[in-house]
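Observations on the three-dimensional arrangement
Chain residues, written in single-letter form:
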Amino acid sequence: MSPDYAIPGSVRSAAELNEKIRALWRRAGGTLSAQERVEYELLVVEWARAIRGEVIEAA
C-alpha cells in the first residue's frame, strides 16, 4: 500500500489532499494506471470528506 493512502482515522486538509491529487496526475503524465486509479479514487473520497468537514466547521 502506498504511503499516500489514508490511514483510517487520519485527518488531512482538503488543500493537502488536493496537492496529492495534482501530484499524482503530474507523475502519471495525464493517464492513470489501474493502481494509480485506485489511489486517485481514495484520495478524491478523502478530499470530499475533508471539504465537508471544513464546510461544517465554517458554519
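Each remark here, short or long, concerns the structure printed above.
Residues numbered from 1 in each chain as written. Predicted model: local features only at pLDDT ≥ 70, side-chain atom pairs only at ≥ 80, totals over all residues. Heavy atoms only, no water.

In this section: the side chain of R12. Take R12: it is sitting in the segment before helix 1 (14-28). Within the structure, the side chain of R12 is placed 2.8 Å from the side chain of E46, a separation counted as a polar contact. (Helix = DSSP H or I, 4+ residues; strand = E, 2+ residues; numbered from the N terminus. Polar contact = N/O pair within 3.5 Å; in protein donor to acceptor, adjacent residues only side chain to side chain.)

Inspection of the secondary structure assignment puts T31 in the loop between helix 1 and helix 2 (34-58). Given a relative accessible area of 60%, T31 falls into the exposed group. Excluding residues within four positions of it along the chain, T31 makes contact with W25 and E36. (Buried < 20%, exposed > 50% of the residue type's maximum accessible area, 1.4 Å probe, protein only. Contact = heavy atoms within 4.5 Å.)

What follows covers a nonpolar patch on the surface. There is a patch of nonpolar side chains on the surface, built from W47, I51 and V55 and spanning about 250 Å² of accessible area. Considering the arrangement of structural elements, one finds I51 in helix 2. (Patch = residues over 30% accessible without salt bridge, like charges linked within 9 Å, V, L, I, M, F, W, Y side chains within 5 Å. Areas by Shrake-Rupley, 256 points an atom, 1.4 Å probe, with all protein chains shown as cover. Salt bridge = Lys/Arg side-chain N within 4 Å of Asp/Glu carboxyl O.)

Here helix 1 spans 21 Å end to end across 15 residues, near enough to the 21 Å set by a 1.5 Å rise per residue. Along helix 1, the residues classified as buried are A14, L17, I21, A23, L24 and A28. Where helix 1 terminates, the next one or two residues include G29, which has phi positive at roughly 70°. (Expected span 1.5 Å × (residues − 1).)

Applying the stated criterion to the full structure yields one aromatic pair. Ring geometry for W25 versus Y40: centroids 5.5 Å apart, planes at 80°, classification edge-to-face. Of this pair, W25 sits in helix 1 while Y40 sits in helix 2; the two residues are 15 residues apart in sequence, bridging distant segments of the chain. Judged by its relative accessible area of 30%, W25 is partly exposed. (Phe/Tyr/Trp six-rings, centres within 6.5 Å; stacked < 30°, edge-to-face > 60°.)

Turning next to the environment of Y40. Each C-alpha atom of the pair Y40 and I21 lies 6.5 Å from the other, and the pair is 19 residues apart in sequence. Setting aside chain neighbours within four positions, we find Y40 in contact with I21, L24, W25 and L32.

This part takes up the nonpolar core. Ranked by size, the top nonpolar core spans eight residues in total: A14, L17, I21, L24, A28, L32, L43 and A50. Looking at this core, the elements with two or more residues in it are helix 1 and helix 2. Considering every element that reaches this core, the biggest residue donor is helix 1, with five residues. (Core = buried A, V, L, I, M, F, W, Y, C linked by side-chain atoms within 4.5 Å.)

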